[in-house]
Amino acid sequence: MYSMVGINDSVCFVGVVGCLVRRENACLNSVCKSSCFFSSGGGEVKSLNDSVVSLKSRRKISGRHVVMLGAKDDQGRVRIATPFGVVSRDPYSLPPMVSKAAEMKTLEFAENSHRLEELKIALNRSASGPQLAALQELCFYPPEEAVPLLVQTMQKSIDEMARSQATFACLLIMENEQVTSEILSKCYEAVEYALKSDGSPTVRSAAAAVVGAVLDPEYVDRASQVLTRQLMEETDWLVKMCLAVALGTRGDKNAVTTLLPMLQRNAIEDCSNQSLVIQGIIGALGQLGAVEALPEFQRWSGCDDSMIRMQVAEALQGFGPEEGVIELAESLKTDENALVRQQADGSLQVLLRKLE
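Criteria and thresholds
- Residues numbered from 1 in each chain as written.
- Predicted model: local features only at pLDDT ≥ 70, side-chain atom pairs only at ≥ 80, totals over all residues.
- Heavy atoms only, no water.
- Helix = DSSP H or I, 4+ residues; strand = E, 2+ residues; numbered from the N terminus.
- Areas by Shrake-Rupley, 256 points an atom, 1.4 Å probe, with all protein chains shown as cover.
- Salt bridge = Lys/Arg side-chain N within 4 Å of Asp/Glu carboxyl O.
- Buried < 20%, exposed > 50% of the residue type's maximum accessible area, 1.4 Å probe, protein only.
- Expected span 1.5 Å × (residues − 1).
- Polar contact = N/O pair within 3.5 Å; in protein donor to acceptor, adjacent residues only side chain to side chain.
- Lys, Arg positive; Asp, Glu negative; His and termini not counted.
- Contact = heavy atoms within 4.5 Å.
- Phe/Tyr/Trp six-rings, centres within 6.5 Å; stacked < 30°, edge-to-face > 60°.
- Pairing = 2+ DSSP bridges.
- Disulfide = S-S within 2.5 Å.
- Core = buried A, V, L, I, M, F, W, Y, C linked by side-chain atoms within 4.5 Å.
- Axes fitted to C-alpha atoms, helices over the stretch in contact; angles between N-to-C directions.
- Parallel < 35°, antiparallel > 145°, perpendicular 65-115°, else oblique.
- pLDDT = per-residue confidence, 0-100.

Participant: Give me the lowdown on the overall build of the protein, citing residues and values where you can.
Facilitator: Along the protein, the regular secondary structure elements total 16 helices and five strands. With an accessible surface of roughly 14900 Å², the protein has 49% of that area assigned to carbon and sulfur atoms.

Have a look at this one:
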């Protein structure tokens, strides 16, 4: 299993992402087996399906849920956007001005208008630090004041980390049931535009995760269609992986007609350059319960890549105990790789419980 690097809070993102790549130094900050990687709690990402982006396991895609910006969870933490996702943090662990904003009431923002002007100046700087700090602070401002600055950052900042963080900040706002339809539309349109047009794979990956997490009924069908279309057109492996994961997250079984042929077109003898994309597709098909993919799972269980075999073993949990599913899990329990064997055993226990 892979773990998140340097993140010990709850991380959302869509899936995506501790999986963000800094292309200038070719450093993959963190990779989670086949997912757009978000952790919860202790920082370890157990699997693609454990991602916070796997929202369908927690609530149906039927509408936004009430999450007031600045609201604290039962541990006293607040949610803020980072370039790698959405994290829950103790307000007092944040930079002083961010912590102060987290504690402010609505009327206090109106009385502190000069601070908003200072944030605008920070967002126009070329250095990453001031932009990222300003974006975190904006997570607590009234949406009507924050959103124009977030959209401006997404469209005009030359810093890919700032654009990515602004994208995740839009997710926080879209999750809030109290925002107006106009604000929601501005956020969604900006994120979708980033998915289609941003030159950075890092930002497009973030946008894929956010589109995958959109819950508002007005955008459910549109989001699935956009993700499917982009998956067919995208050429970057990181973005393709995140798109596949996002489709699995949404639970739209129509995506199977796109995902399964993509898996079928790949040869197991030469998959090293597409390993993470293949893992993402397999994980998504498992989430969708696409038992018609079982022959492909059987084929990929014989590849040389142990991470792909481990993803096959895990994805079987999404199926019922149909003929061939339990047999494949039992077969993977004899795999040469200990982690594959461990995952296969866990999946087998899940499948057997479904027989009870």
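Participant: Provide a residue-level description of the pattern of salt bridges, including the pertinent values.
Facilitator: Two side chains carrying opposite charge are able to pair once their charged atoms lie near each other. Counted by the stated rule, this structure contains 14 salt bridges. Ionic pairing is found between Glu189 and Arg222, a salt bridge with its closest N-O pair at 2.9 Å. Separated by 33 residues along the polypeptide, Glu189 in helix α7 (residues 181–197) and Arg222 in helix α9 (residues 220–233) bring together distant segments of the chain. Under the relative-accessibility criterion, Glu189 is labelled partly exposed at 35%.

Participant: Requested: an account of helix α8 (residues 201–213), with residues and values cited.
Facilitator: Taking 1.5 Å per residue as the helical rise, α8 with its 13 residues ought to reach 18 Å, and the 18 Å between its terminal C-alpha atoms agrees with that figure. Between the side-chain oxygen at the start of α8 and the backbone nitrogen of Thr202 there is a gap of 3.1 Å, and the oxygen is on Ser200.

Participant: An account of the side chain of Asp305 is requested, with residue identities and associated values reported.
Facilitator: With respect to the helices, strands and loops of the structure, Asp305 is situated in the loop between α13 (294–300) and α14 (306–315). No salt bridge forms around the buried Asp305; measuring N to O, its nearest opposite-charge neighbour Arg309 is 6.4 Å away. At 2.8 Å, the side chain of Asp305 and the backbone nitrogen of Met307 are in polar contact.

Participant: If you had to explain the environment of Leu294 to someone new, which residues and values would you point to?
Facilitator: Here Leu294 is to be found in helix α13. Aside from chain neighbours lying at most four places away, what touches Leu294 is Leu316, Phe319, Glu323, Gly324, Val325 and Leu328.

Participant: Account for the packing of aromatic side chains, with residues named and values stated.
Facilitator: One pass over the structure, following the stated rule, counts two aromatic pairs. Both rings, one in Phe297 and one in Phe319, keep their centres 5.3 Å apart while their planes meet at 25 degrees; by these two values the pair is stacked. Highlighted residues: Phe297 in helix α13 and Phe319 in the loop between α14 and α15 (325–332), separated in sequence by 22 residues. We note that Phe297, like Phe319, is buried.

Participant: Can you lay out the pairing of strand β5 (residues 85–89) for me, pointing to particular residues and giving the numbers?
Facilitator: The element β5 is extensively covered by neighbouring structure, given that four of its five residues are classed as buried. Across five bridges, the pairing between strand β4 (residues 78–82) and β5 is antiparallel. Opposite Thr82, over in β5, you have Gly85 as the bridge partner. Here β4 folds back onto β5, and the loop between the two strands holds two residues.

Participant: Before we move on, could you go through the state of the cysteines and cite the residues and values that matter?
Facilitator: The final tally for this structure, using the stated rule, is zero disulfides. Not part of a disulfide, Cys271 finds its nearest cysteine sulfur in Cys303, a span of 4.9 Å.

Participant: Outline the nonpolar core, listing residues and values.
Facilitator: In this structure, Leu138, Leu259, Leu285, Phe297, Trp300 and Leu316 are the most contacted members of the largest nonpolar core, which totals 106 residues. The element that contributes the greatest number of residues to this core is helix α6 (residues 160–174), accounting for nine residues. Discounting residues that sit within four places of it in the chain, Leu138 has contacts with Leu116, Leu119, Leu123, Ala146, Leu149 and Leu150.

Participant: Can you break down α9 residue by residue, with the values?
Facilitator: Along its 14 residues, α9 runs 20 Å from first to last C-alpha, staying within 8% of the 20 Å computed at 1.5 Å per residue. Those residues of α9 not exposed but buried are Ala223, Ser224, Val226, Leu227, Thr228, Gln230 and Leu231. Packing partners of the buried residues in α9 comprise α7, α8, α10 (237–250) and α11 (256–264).

Participant: Help me get a handle on the packing of helix α1 (residues 96–103) against helix α4 (residues 128–138), residues and values and all.
Facilitator: For the pair α1 and α4, interaxial distance at closest approach is 8 Å and the crossing angle is 10 degrees. As far as their axial angle goes, α4 and α1 are roughly parallel. On α4, the residues that touch Met97, Val98 and Ala101 of α1 are Ala133, Gln136 and Glu137.

Participant: Pulling in residues and values, what's your account of the confidence of the model for the protein?
Facilitator: As a note on interpretation, predicted positions should not be read in detail where pLDDT is low. Per-residue pLDDT for the protein averages 81, and the proportion of residues at 70 or more is 79%. Taken together, the stretch residues 1–68 has pLDDT below 50 and engages in 231 contacts with residues farther than four places along the chain or on a different chain.

Participant: Help me get a handle on the environment of Arg250, residues and values and all.
Facilitator: The residue Arg250 is located in helix α10 in this model. Take Arg250: its relative accessible area is 6%, and that puts it in the buried class. With 37 residues separating them in the primary sequence, Arg250 and Ala213 have C-alpha atoms 7.2 Å apart. Engagement of the side chain of Arg250 in a polar contact is seen with the side chain of Ser224, the distance being 3.3 Å.

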